[in-house]
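The primary structure of each chain is shown beneath.
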Amino acid sequence: MNRPPVNSLNTEHLEQLHRALVRLENEKCRGMILSSSSPTVFSAGLDIREMYKPELEKARKFWRTLQDMWLKLYSTPYPTVAAIHGHAPAGGCLLALSCEYRVIVPNVKIGLNETQLGIVAPQWFQDCMRNVIGERQAEKALIAGHMFNTEQALQVGLVDEVAADKAACIARAEAFLASQANLPLLARKTVKLGFRNSTLSRLMTGREADTKIFIEYIFQPKVQKGIELYLQSLSKKSG
Ligand SMILES: CCCC/C=C/CC(=O)SCCNC(=O)CCNC(=O)[C@H](O)C(C)(C)COP(=O)(O)OP(=O)(O)OC[C@H]1O[C@@H](n2cnc3c(N)ncnc32)[C@H](O)[C@@H]1OP(=O)(O)O
């Protein structure tokens, strides 16, 4: 990902990610490392400006593009690793959770923090967390909107490994891909999809309902006010 300053996910960036995933699949790629050009941020999650006073059709397109990108990422036939050498809140955490393996560096925060922002992580975000860290830990983390530090993320199983820095993180991600290289492709892909199928189907069969929930939610005046205040707090911080 290379969308400075924080790889926030707007419609255009989501489309780029989706196109890249389609291309990798068409080219029969043997593995992907999802990484960031930023030294400190993996991805800041959804671009909050896409949800602030949006036009209805643009907001719908934004959400559908996110769904398309995620459905592709979660179901790739090739192995995927997230090299998390920077913070990964909310949608950034979703990207990492959607890969098959996660390597993180020290001093990083990662989690589905939506509750803390007064918004609700969609069901499929929650499912991804549950699938990785289990029901009990996911429920606690999601209710609190908890951001895990590196040690906590390793302890709870949210990430698989800690590496010292970006170079080591990429090297460990490559090692994971190498460990998969000799597995029979069809068997590997079939098992992966078997595990992920119910989560994928839940969104595929409920896409319109999921979009409707998003639209109805963000168009509420009190939600817009909350987004406005949050945007102000973010820009005051950097100002
Ligand atoms: C029903 C709705 C369901 C939808 C579910 C939502 C999922 C989501 O993904 S919502 C997005 C949640 N993301 C966050 O809460 C992260 C917010 N950002 C941060 O915490 C920090 O920016 C971060 C730790 C990622 C990086 O910190 P810094 O390196 O210190 O950078 P700055 O905070 O100074 O930010 C630089 C610049 O980027 C803008 N920014 C940051 N995050 C976002 C974002 N998610 N969307 C849009 N813009 C973002 C920030 O405002 C600064 O902008 P300028 O002031 O113009 O420089």
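Structure: see above.
The following paragraphs examine the structure supplied in this document. (Residues numbered from 1 in each chain as written. Predicted model: local features only at pLDDT ≥ 70, side-chain atom pairs only at ≥ 80, totals over all residues.)

## Quick look at the packing of helix α4 (residues 123–133) against helix α5 (residues 135–144)
Next, step 1: Close contact between α4 and α5 brings their axes to 7 Å; oriented N to C, the two are set at 135°. With respect to α5, the element α4 is oriented oblique. The hand of the α4/α5 crossing is right-handed. Where α4 approaches α5, its residues Q126, M129, R130 and I133 are matched on the opposing element by E135, Q137, A138, A141 and L142.
Next, step 2: Taken together, the residues of the contact of α4 with α5 break down into five nonpolar, two polar and two charged. (Axes fitted to C-alpha atoms, helices over the stretch in contact; angles between N-to-C directions. Helix = DSSP H or I, 4+ residues; strand = E, 2+ residues; numbered from the N terminus. Parallel < 35°, antiparallel > 145°, perpendicular 65-115°, else oblique. Left-handed = near helix turned anticlockwise from the far one by under 90°. Contact = placed C-beta atoms within 7 Å. Nonpolar A, V, L, I, M, F, W, Y, C, P; charged D, E, K, R; others polar.)

## A closer look at the pairing of strand β2 (residues 80–84)
Consecutive side chains of a regular strand alternate in pointing toward one face of the sheet and then the other.
Next, step 1: Of all five residues that make up β2, five are buried, and the element is covered over most of its length.
Next, step 2: Going residue by residue along β2, you find T80, A82 and I84 tucked away on one face and V81 and A83 tucked away on the opposite face as well.
Next, step 3: Here strand β1 (residues 32–34) runs beside β2; their pairing, made up of three bridges, is parallel. Bridging across to β2, M32 finds its partner in T80.
Next, step 4: With four bridges connecting them, β2 and strand β4 (residues 101–104) associate as parallel partners. In the sheet register, A83 faces β4, and the bridge partner there is V103. (Buried ≥ 20, exposed ≤ 12 C-beta atoms within 10 Å, placed from the backbone. Pairing = 2+ DSSP bridges.)

## Section: the pairing of β4
Next, step 1: Alternating positions in β4 separate into two faces, Y101 and V103 on one and R102 and I104 on the other, with burial throughout.
Next, step 2: Sheet topology places β4 next to strand β6 (residues 161–162); two bridges connect them, and they run parallel. Each bridged residue has a counterpart across the sheet, and for I104 the counterpart in β6 is V162.

## Quick look at the nonpolar core
Most often, soluble globular proteins keep nonpolar side chains buried together rather than apart.
Next, step 1: Counting 60 residues, the largest nonpolar core has V81, I84, A96, V103, I110 and M129 as the members making the most contacts within it.
Next, step 2: Here this core gets seven residues from one element, more than from any other, and that element is helix α2 (residues 56–74).
Next, step 3: Residues in contact with I110, not counting those within four places in the same chain, are I84, A88, C93, A96, I104, M147, F148, A153 and L158. (Core = buried A, V, L, I, M, F, W, Y, C linked by C-beta atoms within 7 Å.)

## What to know about the sheet that holds β2
Next, step 1: Here four strands make up an open sheet; going across it, the order is β1-β2-β4-β6 and the pairing parallel. The sheet is open, and its two borders are formed by β1 and β6, each paired with just one other strand.
Next, step 2: Helix-sheet contacts for helix α7 (residues 166–180) involve β1, β2, β4 and β6, and the interaxial angle to β2 is about 170°.

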